[in-house]
Amino acid sequence: MAEERRPKQCSVSLPTESMKAIAESVGVGQLQEESCAALSEEVSYRIKEIAQDALKFMHHGKRRKLTTNDIDNALKLKNVEPLYGFQSQEFIPFRFASGGGRELHFYEEKEVDLSDIINTPLPRVPLDVSLKAHWLSIEGVQPSIPENPPPAPKEQQKVESTEPLKVIKPGQEEEGTIQGKGQGATAADGKGKEKGLIRLKPRSTHELSVEQQLYYKEITEACVGSCEAKRAEALQSIATDPGLYQMLPRFSTFISEGVRVNVVQNNLALLIYLMRMVKALMDNPTLYLEKYLHELIPAVVTCIVSKQLCLRPDVDNHWALRDFAARLMAQSCKTFSTTTNNIQSRITKTFTKSWLDDKTQWTTRYGCIAGLAELGPDVIKTLILPRLTIEGVRIKTVMEGPVVSNIDKIGADHVQSLLLKHCASVIAKIRPQPDSVEQYRTDYGYLGPMLCSHVMKARTQAALQAQQVNRTTLTITQPRPTLTVSQSGLSGSLGQRTPSIIKVPSSLTLMSPRPGTPSQPSPPATKYIVMTTSAGASSTQQVITLSSSQTASPVTSTVPSATSTLQPLVKLEPGSGPGLTGSRPLQKYIVVSLPSSATSSLEAKSSVLPTSISSNPLEAVMKLDRSESPGASTQSPH
Amino acid sequence: MAAVQGGQVDAVEEKDIKTEPSNDGCGNNNANDGRLLSTSPGSSSSTGSNKSTAGAPEDQQTLLAVLQFLRKNKLSESVEILRREAGLPEDSLDLKGGDSSGAGSGGAAGSVDLEGGDASSLLSRVTSSSSAVAQAPTKAAGEDQPDVNVVLSAYSQQGDPPLYQVYYSGLKRFIESVLDCHRAELSQVFYPLFVHMYLELVYNNHESEAKAFFEKFSGDQECYYADDLRVLSSLSKREHMRGNETLLDFRTSKFVLRISRDSYQLLKRHLQERQNNQIWNIIQEHLYIDIFDGMPRSKGQIDTMSGSLAGEGKREANKAKVYYGLLKEPEIELPLDDEDEEAENEEGKPKKKKPKKDSMGSKSKKQDPNAPSQTRIPLPELKDSDKLDKIMYMKEATKRIRLGPDNLPSICFYSFLNAYQGLTAVDFTDDSSLIAGGFADSTVRVWSVTPKKLRKVKSAADLNLIDKESDDVLERIMDEKTASELKVLYGHSGPVYGISFSPDRNYLLSSSEDGTVRLWSLQTFTCLVGYKGHNYPVWDTHFSPHGYYFISGGHDRVARLWATDHYQPLRMFSGHLADITSTRFHPNSNYVATGSSDRTIRLWDVLSGNCVRIFTGHKGPIHALAFSPNGKFLASGATDSRVLLWDIGHGLMIGELKGHTDTVYSLRFSRDGEILASGSMDNTVRLWNATKAFDDLETDDFTAATGHVHLQDNSQELLLGTYMSKSTPVIHLHFTRRNLLLAAGAYNP
């Protein structure tokens, strides 16, 4: 390794162009080439010398990062006046510029208005140094407390589960401090094995300490107990505590056994509690669940597709459980699916197979569709959309045919709304405008007209979101948020159905050529309350930037952040009429700022997908902020 | 104004000024204590002559520098006054001024001549005859610039530059062709030879050849020389050689190699056959080859010992007798009933009762043959409070947990929050009641980690008011109102890199980038003394375990031994070739260990000032040192992320502990020496089985005599535990008297 570096060491010195540039900056115009060369050698040498001295200061300062202070001290060591005014805690934002065949890295110094500095309120005083004690180890065993790092870091758990043979290498084993006392022995074992070329996974202890046993008991009881407050606490603990690694096998078994028993007994509440536990485990940043998926996935899938989950399927809302579990499934597919385990494709296959089966019950059918739909727009597009017609026929027979049973009817109804909900947004994306009911009917059969209206809603809503007036806060109530906005772009027509707080400035030109009648009747949404979402995981952050670019066509789409399993709520495509779809329940829309210009095009960007960089620096950001994701409210356009 | 001037003068003539204080120190020491420095007759005479004959010219020189500075700043009046005061003729300034600006090395021309003969005679000395441990470096510290000229002039004889590559590759071919057993030994020659040939090329202005030479052969060098090579690579002009310290080290000290007689003969024969005078000259002049009889060493053996800036320590350098035993504990009567009687008891009731089977109790019975005599160096008398503390100590010791592989200590971690990367040093008091931190913002902060708050003595006015006859006068003088858990000590003007509590907890030492060591009172929380002398950053300081003395070391490569009541150092230990990065007192206070960026550890005798041990083997600057409680062993940690164990009596490396992945900043033995704890930049605390490491060793006579160590790689067996902290580098460790391990570091989120 040293060999690779060394040839470079020898040759590194500043280019003569730098000398010229520096000379110019201090007003020396014409510098001889020879002087430049001589200077650059000298300067490079001195810089290296100073850097080497500065390293000493870094080492004695017990730091890994070289700071400007180190350089100052090194200069002082050489009796050179330090460079004053280059205080930088973190990094120095050098910028790069090129032009005229020259390349420059420079430090942008802005002119600072003194009065600005005087007038700005003082920043908060930084906290004073303080001392805090905790137990790093108790008689050789590291306690699992938040002050200590998780006993097995997530990366290591991942390595262990994906490449089990690597684990016994001594270097990595030292990371695992769980064994504490026995470490020396195991380490020695590991070494011996390597020598003998026999690779065995080291035995790991699965004994829980008394404290851990107590904890486990408390947590599991609270999770399935009757006290909701306690349960919330317990779930919080599971989702955040760093020391649960050793208890994972227990939790995993607890959940899978619990589901097995309660499905038979049709105990809906308990199933929901168990699924919330799964959710909490997945949320824990220190756990890597891959090793326990074989227990967890069957449990989750059971909760999605089981024929009966509750005692009274006609009344109980087992649909919510199926939705929730489907989302969990999608999340674990996203996190753990690899080319070796193929979770996603196996799951997809399972769902599709039972969905295609004619004898499948409506409940299972619902679960299959929900499970597939949660896997993302691509899956919807390829697997669900082609079957819409067939499914439509099936629904029609139940809905309009002779009443077979109430349960079937409810089931069909739910399947229908599920399909509408998920498909509308996808269709809105892939289908060009205009949306004609007839066309839809021919394409999608029975569900066509309803789809058509949903699609239009979706389009309108996205457009609407792009036009929210400053600081408008709007929360759409459950169920099936339906908010319709006419596309005429006239604020007057908006007033009918939309809440009065939503105003579209008349200066904004909306793109839809269609007449401004709300195309979809919707339950009157009279109450708009700001609420928090109950679905815990939603981390979708949507940033919509309205920029007054040259293109007249608005481009608005919201993209879910990578971790979220939720579907994008509003999707608008260029060239398509604005539609307003029902979005997921309980969202808070905050429009941070709005363009002042008349022609504003809407451009949407996800905060997590840096797909495009706006050519126009300023405009508006609109944020759809699930109130749970606190970070979103402070985000800036870029 | 005066202070400012001083600083500026430094800037103008820094090299000369830098050496001044050390000379002064020498002078004073000569007067007080006789010769202190570990110098050979040769160099001591040079220093002496410098002192006696060159004293006047040097003063004058300084004056001239000042005058020049004043003139430059157009302070003509001051110039006049000063000149009149000093009685200098007007023209002398001009003449000398011109001289110094031209030569760049100051007006030291006179002293160059004066030293010239002396120094060159040093250089021309035959390799084997030189025996002094630290002759050349002393000179280096003594005077810089003249020395460089003299030393570098050794390069003036030059061969044909393009042939250098031929010579070197010729030797390389030869060494590659010799028998395997000799190859490893002879390969040691490559590095010093490479460096010297390169420097010779640079010195003679063959820049392109030098570059080509470097590029061609630098890759062959051992990886642990990478740091030095980096310095070397940046150096491509003769002018750069002036004032480059690393370079100076190569020149002034001979690179020491240990080679078996057979291998040496082989090399010699080859070079003589080939008439390869160029290489032979370099070997003669710049290398010290320590020839031994017997089997050539293996590559592994060589690699463990090499790595330092100037090769291995010479064998005879580690032969001096070291009294590593502990001093006899003073007889203190331990009260029988430890609960309540302790206060009255220490007066005199002879209730003799030693703590049972206590290690130190048994030791104090008979005199350890390896222990120095009690009065070898004068130690402070025990005060009553010290005795009280000793009693406390013994009591605690009886409650001490016996540690072992099956009984690991608990670790309590003190995290410094909101330190903003500014924590640079930490120390605990021996009784673990206080913790002090040195910070990059020049402050020293002292915390009380017990419920007892820190109280200062009241102000003088308030003290007048209290009743001096009352029994609890000691309580009354303390100011209860300002009591707090944290006291901040302001005084330094640069980051505080070293910190050390006095054993009696009355004082605190801190050393800083500003070149001073400060002594703080923990009664008044004010600075008592600023010890000046280093002038360059002081990297570390450590109180003697018996108090009163302390050691400091820093960038000026000189370790100084001080007594708290002297403002000038008692001893100056010079010999290191680069910054002294860590310092530590031996438990018996008779020796001092210093670790350095030259990648060696030296052990110095406080009494004579001699260097009695040189330990080589680290491949990076040494940042942590720890003596075992029995005084026999030394552990050291460095940026190479290894911990090495040394047997002080035999002067041998006895263990290598690998496992850390970053600089080891702290080391500590448990109170009974069974466990070694190491803390590192890699955010871990590791515990090592010290008992096993020391017991396993069989030091046969042969190893002792030849110094050939062969270490088996048993780090994994010795490692008892690894404890990861949450992004908190561990920069200090401390075992409480009951063997609880305390660790400290700053949390870097």
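On a predicted model such as this, the values are computed, not experimentally measured, just so you know.

**Q** Please give an account of the overall build of chain A that cites residues and values.
**A** Of regular secondary structure, chain A possesses 22 helices and eight strands. Taken over 638 residues, chain A has a buried fraction of 47%. Once local pairs closer than 6 in sequence are excluded, the contacts in chain A between residues at least 24 apart make up 70%. When the accessible surface of chain A is split by element, carbon and sulfur atoms take 58% of a total near 32100 Å².

**Q** Please set out the environment of B:Ser666 residue by residue, giving values where relevant.
**A** Counting through the fold element by element, B:Ser666 comes out in strand S26 (residues 664–669). Spatially, the C-alpha atom of B:Ser666 lies 5.5 Å from that of B:Ile731, the residues being 65 residues apart in sequence.

**Q** Which residues make up the pairing of strand S30 (residues 732–735) of chain B, and what values do they have?
**A** Residues and elements named next belong to chain B. Of the two faces of S30, the one carrying His732 and His734 and the one carrying Leu733 and Phe735 are both buried. Sheet topology places S30 next to strand S31 (residues 741–746); four bridges connect them, and they run antiparallel. Paired with His732 across the two strands is Ala744, which belongs to S31. A loop of five residues connects S30 with S31, the two strands running antiparallel in sequence, and Asn739 in this loop sits at a positive phi of about 70°.

**Q** An account of the UniProt feature "repeat: WD" (unreviewed entry) in chain B is requested, with residue identities and associated values reported.
**A** Residue and element names in this part refer to chain B. Sequence positions flagged by UniProt for "repeat: WD" (unreviewed entry) are, in local numbering, residues 416–457, 489–524, 531–572, 573–614, 615–648 and 657–689. Between the end C-alpha atoms of residues 489–524 the distance is 11 Å, and the span holds 0% helix and 53% strand. Here residues 657–689 runs as 0% helix and 61% strand, with 10 Å between its end C-alpha atoms.

**Q** Outline the sheet that holds strand S11 (residues 507–512) of chain B, supporting the account with residue identities and numerical values.
**A** Residue and element names in this part refer to chain B. Read across the sheet, four strands follow the order S10-S11-S12-S13 without closing on themselves; strand pairing throughout is antiparallel. Bordering the open sheet on either side are strand S10 (496–501) and strand S13 (526–532), each of which pairs with just one other strand. The mean inter-strand angle of the sheet, taken between neighbouring strand axes irrespective of direction, is 20°. Of the strand pairs in this sheet, strand S12 (residues 516–521) and S13 are connected by six bridges, and their pairing is antiparallel. Bridge pairing in S13 links Ser521 to Thr526.

**Q** Quick one: what's the story with the confidence of the model for chain B, residue by residue and with numbers?
**A** Residues and elements named next belong to chain B. Averaged over every residue, the pLDDT of chain B is 76; the share at 70 or more is 75%. Scored below 50 in pLDDT, residues 1–55 makes 86 contacts in the model with residues more than four places away or belonging to other chains. The low-confidence segment residues 92–146 (pLDDT under 50) makes 88 contacts with residues lying over four places distant or belonging to another chain.

**Q** How would you summarise the side chain of B:Glu513 if you had to cite specific residues and measurements?
**A** Along the chain, the position of B:Glu513 falls in the loop between S11 and S12. Here the side chain of B:Glu513 touches A:Lys76 through a polar contact of 3.3 Å, side chain to side chain.

**Q** Tell me what's going on with helix H15 (residues 343–356) of chain A, and back it up with residues and numbers.
**A** All names here are of chain A. Look at H15: 20 Å from first C-alpha to last across 14 residues, which is about the 20 Å you get at 1.5 Å a residue. Along H15, the residues that are buried comprise Ile343, Ile347, Thr348, Phe351, Thr352 and Trp355. Along the axis of H15, the buried positions cluster into a sector of 150°, meaning they face one direction only. Exposed side of H15, more than 90 degrees from the buried face: Arg346, Lys349 and Lys353 are the residues found there. The elements touched by buried residues of H15 are helix H13 (293–305), helix H14 (318–336), helix H16 (362–374), helix H17 (377–384) and helix H18 (388–400).

**Q** Lay out the sheet that holds strand S17 (residues 571–574) of chain B with the relevant residues and their values.
**A** Residues and elements named next belong to chain B. Strand order in the open sheet formed by four strands is S14-S15-S16-S17, with antiparallel pairing between adjacent strands. Both outer strands of the open sheet, strand S14 (538–543) and S17, are each paired with one neighbouring strand and no more. Averaged over all pairs of adjacent strands, the angle between their axes in this sheet comes to 20°, without regard to strand direction. Both strand S15 (residues 549–554) and strand S16 (residues 558–563) contribute to a ladder of five bridges, which runs antiparallel. Its bridge partner lying in S16, Tyr549 is registered against Ala563.

**Q** A description of the pattern of salt bridges should follow, citing residues and the corresponding values.
**A** On inspection of all chains with the given rule, the structure shows 44 salt bridges over all chains. In this structure, the salt-bridge partner of A:Asp70 is A:Arg63, at a minimum N-O distance of 2.8 Å. As a salt-bridge pair, A:Glu374 and A:Arg327 come within 3.7 Å of each other at their nearest N and O atoms. Of the two residues, A:Glu374 is situated in helix H16 and A:Arg327 in helix H14; the sequence distance between them amounts to 47 residues. The same class applies to A:Glu374 as to A:Arg327, namely buried. Residues joined by salt bridges that share partners form a network here, namely A:Glu42, A:Arg46, A:Glu49, A:Asp53, A:Lys56, A:Lys78 and B:Asp579.

**Q** So what's going on with H18(A)? Residues and values would help.
**A** All names here are of chain A. Taking 1.5 Å per residue, 13 residues should reach 18 Å; H18 reaches 17 Å between its end C-alpha atoms and fits that length. Taken together, the buried positions of H18 are occupied by Leu388, Glu391, Gly392, Arg394, Ile395 and Val398. For H18, the buried positions fall inside an angular range of 165° around the axis, keeping them on one side. Elements in contact with the buried residues of H18: H15, H16, H17, helix H19 (406–430), helix H20 (437–444) and helix H21 (448–465).

**Q** Could you give an account of the packing of helix H16 (residues 261–273) of chain B against helix H17 (residues 277–286) of chain B, with specific residues and numbers?
**A** All names here are of chain B. It is the contact of H16 with H17, at a shortest axis distance of 9 Å, that shows an interaxial angle of 140°. One way to sum up the angle between H16 and H17 is to call them oblique. Note on packing geometry: the crossing formed by H16 with H17 is left-handed. Where H16 approaches H17, its residues Tyr264, Leu267, Lys268, Leu271 and Gln272 are matched on the opposing element by Ile279, Trp280 and Ile283. Residue composition of the contact of H16 with H17, by class: six nonpolar, one polar and one charged.

**Q** Now, about the confidence of the model for chain A: what can you tell me, with residues and values included?
**A** Segments scoring low in pLDDT should not have their predicted coordinates read at a detailed level. Residue and element names in this part refer to chain A. Averaged over every residue, the pLDDT of chain A is 68; the share at 70 or more is 61%. Within the model, the stretch residues 166–199 combines pLDDT values under 50 with 60 contacts to residues more than four positions away or in other chains. The low-confidence segment residues 469–638 (pLDDT under 50) makes 389 contacts with residues lying over four places distant or belonging to another chain.

**Q** Quick rundown of the nonpolar core? Include the residues and the values.
**A** Membership of the largest hydrophobic core comes to 90 residues, with the highest contact counts inside it found for A:Met275 and A:Met329. Ranked by size, the runner-up nonpolar core spans 43 residues in total, among them B:Phe250, B:Leu271, B:Trp280 and B:Ile282.

**Q** Residue-level account of a nonpolar patch on the surface, with values.
**A** Residue and element names in this part refer to chain A. Taken together, the side chains of Leu83, Phe86, Phe94 and Tyr107 present a nonpolar region at the surface, about 390 Å² in accessible area. Tracing the chain through its elements places Leu83 in the loop between helix H4 (68–77) and strand S1 (94–99). A residue is classified by how much of its surface remains accessible, and Leu83, at 46% relative accessible area, is partly exposed.

**Q** Before we move on, could you go through the packing of aromatic side chains and cite the residues and values that matter?
**A** Tallying each qualifying case throughout the model produces 32 aromatic pairs over all chains. Ring geometry for B:Tyr531 versus B:Phe550: centroids 4.9 Å apart, planes at 65°, classification edge-to-face. Placement of the pair is B:Tyr531 in strand S13 and B:Phe550 in strand S15, with a sequence separation of 19 residues. Each of the two residues, B:Tyr531 as well as B:Phe550, counts as buried. Taken together, the aromatic side chains of B:Tyr168, B:Phe190, B:Phe194, B:Tyr198, B:Phe213, B:Phe214 and B:Phe217 make up a single cluster linked through ring pairs. Above the ring of A:Tyr273, the side-chain terminus of A:Arg231 is found at 3.4 Å from the ring centroid. Positioned above the aromatic ring of B:Phe439 is the side chain of B:Arg445, whose terminal nitrogen or guanidinium carbon lies 5.4 Å from the ring centre.

**Q** Explain the packing of H15(A) against H17(A) to me, using residue names and the numbers behind them.
**A** Helix-helix packing is described using two parameters, namely the angle between the two axes and the distance between the axes. Residues and elements named next belong to chain A. In the contact formed by H15 and H17, the axes pass within 12 Å of each other and the chain directions differ by 35°. For the pair H15 and H17, the sense of crossing is right-handed. Counted together, Gln344, Thr348, Thr352 and Trp355 of H15 and Val379, Leu383 and Ile384 of H17 form the full contact between these two elements. Of the residues in the contact of H15 with H17, the class split is four nonpolar, three polar and no charged.

**Q** Go over the interface of chain B and chain A with me, naming the residues and quoting the values.
**A** Residue-level contacts link 79 residues of chain B with 56 residues of chain A. Taken over both partners, the interface formed by chain B and chain A buries close to 6200 Å², and the fraction arising from carbon and sulfur atoms is 54%. Summed over the three residues of chain B that lose the most area to chain A, namely B:Gln716, B:Tyr723 and B:Met724, the buried surface amounts to 10% of that side. Taken together, chain B and chain A are joined by four salt bridges. Between A:Lys56 and B:Asp579 there is a salt bridge; the shortest N-O distance is 2.9 Å. Seen at the junction of chain B and chain A, the total is 16 residue pairs in polar contact (both at pLDDT 80 or more).

Rules used throughout
- Residues numbered from 1 in each chain as written.
- Chains lettered and ligands numbered in written order.
- Predicted model: local features only at pLDDT ≥ 70, side-chain atom pairs only at ≥ 80, totals over all residues.
- Heavy atoms only, no water.
- Helix = DSSP H or I, 4+ residues; strand = E, 2+ residues; numbered from the N terminus.
- Buried < 20%, exposed > 50% of the residue type's maximum accessible area, 1.4 Å probe, protein only.
- Contact = heavy atoms within 4.5 Å.
- Areas by Shrake-Rupley, 256 points an atom, 1.4 Å probe, with all protein chains shown as cover.
- Pairing = 2+ DSSP bridges.
- UniProt positions renumbered as here; feature names shortened; annotations may be inferred.
- Axes fitted to C-alpha atoms, helices over the stretch in contact; angles between N-to-C directions.
- pLDDT = per-residue confidence, 0-100.
- Polar contact = N/O pair within 3.5 Å; in protein donor to acceptor, adjacent residues only side chain to side chain.
- Expected span 1.5 Å × (residues − 1).
- Arc of directions from axis to C-beta.
- Salt bridge = Lys/Arg side-chain N within 4 Å of Asp/Glu carboxyl O.
- Parallel < 35°, antiparallel > 145°, perpendicular 65-115°, else oblique.
- Left-handed = near helix turned anticlockwise from the far one by under 90°.
- Nonpolar A, V, L, I, M, F, W, Y, C, P; charged D, E, K, R; others polar.
- Core = buried A, V, L, I, M, F, W, Y, C linked by side-chain atoms within 4.5 Å.
- Patch = residues over 30% accessible without salt bridge, like charges linked within 9 Å, V, L, I, M, F, W, Y side chains within 5 Å.
- Phe/Tyr/Trp six-rings, centres within 6.5 Å; stacked < 30°, edge-to-face > 60°.
- Lys NZ or Arg CZ within 6 Å of the ring centre and 35° of its normal.
- Buried area = accessible area lost by both parts, 1.4 Å probe.

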